[in-house]
Every structure is written in structure tokens, then in C-alpha cells.
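# Results of the structural survey
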Amino acid sequence: MTDLSLVALPGGLPDKRQVAASFSRAAASYDSVAELQRDVGTQLLQRLPASFVPSRWLDLGCGTGYFTRALAERFAARHGLALDIAEGMLEHARPLGGAQHFIAGDAERLPLQDATCELIFSSLAVQWCADFEAVLGEAFRVLKPGGIFAFASLCVGTLYELRDSWRQVDGLVHVNRFREFARYQQLCTASGLRTLSLQNQAHVLHYPDVRSLTHELKALGAHNLNPGRPGGLTGRARILGLVEAYEQYRQAQGLPATYQVVYAVLEKPL
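Reference entry: report on the structure contained in this document. Everything numeric here is computed off the predicted structure, so don't read it as measured data.

Right, let's get into the nonpolar core. Counting 36 residues, the largest nonpolar core has Leu119, Leu162 and Tyr259 as its most contacted members. Ranked by the residues each element gives to this core, the list is headed by strand E7 (residues 255-267), at 6 residues. Contacts of Leu119, omitting those with residues within four sequence positions, involve Leu48, Phe52, Pro54, Arg56, Trp57, Leu58, Leu71, Phe75, Leu143 and Ile148. In this structure, Val135, Cys155, Leu187 and Val262 belong to the second largest nonpolar core, which totals 29 residues.

Here is the structure:
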């Protein structure tokens, strides 16, 4: 497995070792609460060029393998690879099939040879990478000329209701930080890959109460992983304060949770 000892975290992004451990623990519960993940990955698949049929593809940050199997179905009889930093996710995904090889590795340092894939597909994984410039560089290296890097990620504005509600309670870091959309634009433009499409789209989910939202984040392994997060148990008074603050956002459908999703389709020039 790729060395995870490099933990320089610009912008306060979480330590990859904590990300890997958290998602490994969540492997068994992940698919039961992954409505957003399935919706986003499906939309990303739909954004691939209709006539594009790669002979070898990589599901980068494959998680439980849901989209590994979707890629295998779409590109039948093609050679597929699935890679994730979380061993627990790979152990869950491997028996379900879809790829010829399931690989433990890091998106910032792919254990693959140059120019070996025609598609790199990554849905809601690269937001956990502190060095996204390295991710783009690795995608450029591993793709064949004419190959495509399609990714969906999260940017600033994600879970702003939860963040702002916590800010009213204690001002501490309770919600994961993400890059600005403009930073994605800058890095993609500078990567050497040609931008076929790059968009930011809001997805809003609704919950009956705060507990339902926080339970889902924990089941996904996507609860607060930030440096500077509060340690220990969260006191009852603070929870009541959070509930009161979040209620200000309530809509007819329930309590909203907004995810700002970045969709990108990039091509390596011929």
C-alpha cells in the first residue's frame, strides 16, 4: 500500500490516515445511507461522452465498489481496476466483483504505470486529497493520450447549514472543510488536461431532524475529520444549541443539508 506518512495538510484538510480508517470502519453501513453518493456518481457517468468506450478503466476511490460494478456493466468485457485508500472498503468491494484488480493505494501517488488507462472515474473521493495538484498530475501520467479523467468532488458551501449552526453554538470546527470551486478551476486549467466540462451543482437532501443527518454522516465515514475538531463527547447543552440553531433552516420537506458538487470531465490531449 502507498506510504501514508506524508501528512502536510494545506488548508486544514484531514490526515489521509484518518480518512482511510474512518471509511474502513464505515464499509458495512455505507451503502445503506449513500443516496447522495449514488446520485452524484450516476450523474458523473452520464457526463461521459456517449461514444467513449475505454478498453481499460480505473475507479479511483472505489469505496464499496458500487460504481466499479456500474462501470463494468456499461463497458462490458473491458479491463477494469478499482483503487481505494481504505482497506476496509476494498475488503467489502472485492467479493462483489466488477473489476479485474482491487488495489490499495493513494490518488496522489498511483501505483500504476504511465499511459495505461483510457478512463479514470472518481466520484466523491478526491475532496479528501490535500494535494489535488498531485492527483491531476497522476491522472495525466496514467492516462493514455485521448483518455478521460472524470471526477465529482465537493467544494466550499457543502453542509453550510450544519457549519453555520455549530458556529452559533461554540465556534469550533465541526464540519469538514473543502476547496473553493475557483481553486478547482485554476488547478484543472493548469494541469495540462483539456477541460471538456467543469461545473458546480448544488444537491440538497432533507432530514426529519439533526440526529438523522449526523447519524448518516457517521455511517458514511464522512463525519468531522478536520484538524482542530473538538475532542471528547459533545455535551448535551451544545447539542440542544445545535438543534435550536439548525431549526432556523427548516423547510416544508425537513431540515436541508446542501452539498456543493463539482463535476469535471477532463481529457489528455493527443
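Let's pick the thread back up.
Here we come to the packing of helix H7 (residues 160-169) against helix H10 (residues 236-246). Following both chains from N to C, one finds H7 and H10 inclined at 130°, their axes separated by 8 Å at the closest point. Comparing the axis directions of H7 and H10 gives the class oblique. Crossing angle aside, the handedness with which H7 passes H10 is right-handed. On the side of H7, the interface is formed by Glu161, Leu162, Ser165, Trp166, Gln168 and Val169, while H10 contributes Arg238, Ile239, Gly241, Leu242, Ala245 and Tyr246.

You will see that Ala115, though not glycine, has its phi angle at about 50°, which is positive. Looking at the secondary structure, you find Ala115 in the loop between strand E3 (101-104) and strand E4 (117-123).

Applying the stated criterion across every chain, the model contains 6 salt bridges. Arg141 serves as the salt-bridge partner of Glu138, at 2.9 Å between the closest nitrogen and oxygen. Remark: Arg141 and Glu138 occur in helix H6 (residues 132-142); sequence separation between them is 3 residues, near one turn of the helix. Residue classification places Glu138 among the buried positions, given a relative accessible area of 12%. Salt bridges sharing partners connect three or more residues here, namely Asp114, Glu138 and Arg141.

Note: strands within a sheet are paired through backbone hydrogen bonds, in either parallel or antiparallel orientation. Taken in spatial order, the 7 strands of this open sheet run E3-E2-E1-E4-E5-E7-E6, and their pairing is mixed. Two strands bound the open sheet, and with one partner strand each, they are E3 and strand E6 (194-207). Pairs of neighbouring strands in the sheet enclose a mean axial angle of 15°, with direction left out of account. Here strand E1 (residues 56-60) runs beside E4; their pairing, made up of 3 bridges, is parallel. Following the sheet pairing, Trp57 is matched in E4 by Leu119.

Moving on, we get to the pairing of E4. Summarising burial for E4: 6 of the 7 residues are buried, a large majority. Inspection of the sheet shows E4 paired to strand E5 (residues 143-154) by 6 bridges, in the parallel sense. Residue Ser123 lies in a different strand from E5, and its bridge partner there is Ala152. As a crossover connection, the stretch from E4 through H6 into E5 is right-handed.

What follows concerns helix H3 (residues 35-46). The α-helix winds at 3.6 residues per turn, so residues separated by three or four positions along the chain end up facing the same way. Between its first and last C-alpha, H3 extends 17 Å over 12 residues, near the 16 Å set by a 1.5 Å rise per residue. By the burial criterion, the buried members of H3 are Leu36, Gln37, Val40, Gly41, Gln43, Leu44 and Leu45.

Moving on to the environment of Leu112. Tracing the chain through its elements places Leu112 in the loop between E3 and E4. The spatial distance from the C-alpha of Leu112 to the C-alpha of Arg141 is 9.2 Å, given a sequence separation of 29 residues. The residues touching Leu112, leaving out its near neighbours within four places in the chain, are Leu58, Leu81, Ile103, Arg141 and Val142.

Within the element layout of this structure, Gln260 appears in strand E7. By relative accessible area, Gln260 is classed as buried at 18%.

All right, on to H7 then. Along H7, the residues classified as buried are Glu161, Leu162, Ser165 and Trp166. On an axial view of H7, the arc spanned by its buried residues comes to 125°, and they lie on one face. Residue Gly171 follows H7 closely and has a positive phi angle near 75°.

On to the packing of aromatic side chains, then. All told, the structure shown has 9 aromatic pairs when counted by the stated rule. On the numbers, 6.1 Å between centres and 85° between planes, the contact of Tyr160 with Tyr249 is edge-to-face. With Tyr160 in helix H7 and Tyr249 in the loop between H10 and E7, this pair connects stretches of sequence that are 89 residues apart. What makes Tyr160 partly exposed here is its relative accessible area of 36%. Relative to Tyr249, the ring of Tyr246 lies with its centre 5.9 Å away and its plane at 75°, an arrangement referred to as edge-to-face. Taken together, the ring pairs connect Phe132, Phe149, Phe151 and Tyr184 into an aromatic cluster.

About the criteria used
The residue numbering used here restarts from 1 in each chain and proceeds along that chain's sequence as written. Note on the predicted model: pLDDT of at least 70 is required for a residue's local features to be given, and 80 or more for side-chain atom pairs to be given and counted; whole-chain, interface and lining totals, by contrast, use all residues. Side-chain descriptors were evaluated using all non-hydrogen atoms of the structure, hydrogens and water having been removed beforehand. In plain words, nonpolar cores are sets of buried Ala, Val, Leu, Ile, Met, Phe, Trp, Tyr and Cys residues tied together by side-chain atoms within 4.5 Å. The buried label applies to any residue whose accessible area, calculated with a 1.4 Å probe on protein chains only, is under 20% of its type's maximum; exposed applies above 50%, and partly exposed to all values in between. Helical segments are the DSSP runs of H or I of at least four residues, strand segments are the runs of E of at least two, and each set is numbered from the N terminus. Pairs of residues are marked as contacts when any of their non-hydrogen atoms sit within 4.5 Å. Axis lines are fitted through C-alpha atoms, for helices just across the contact stretch, and the angle between N-to-C directions can take any value from 0 to 180 degrees. Angular relationships are summarised with four words: roughly parallel below 35 degrees, roughly antiparallel beyond 145, roughly perpendicular across 65 to 115, and oblique for the angles in between. In this scheme the handedness of a crossing depends on how the near helix is turned from the far one: anticlockwise by less than a right angle means left-handed, clockwise means right-handed. When a carboxyl oxygen of Asp or Glu is within 4 Å of a side-chain nitrogen of Lys or Arg, the pair counts as a salt bridge. DSSP-based pairing: two strands are paired if at least 2 bridges between them are found. Crossovers are described as right-handed under a simple rule: with the strands pointing away from the observer, the path leading from the first strand over the helix to the second runs clockwise. Each helix should span, by expectation, one fewer than its residue count multiplied by 1.5 Å. The arc in question is the one traced by the directions running from the helix axis out to the C-beta atoms. We call Phe, Tyr and Trp rings a pair once their centres come within 6.5 Å, taking the six-membered ring for Trp, and we label the pair stacked below 30 degrees between planes, edge-to-face above 60, and tilted otherwise.

In short, the description is geometric, and any link to function would need to be established separately.
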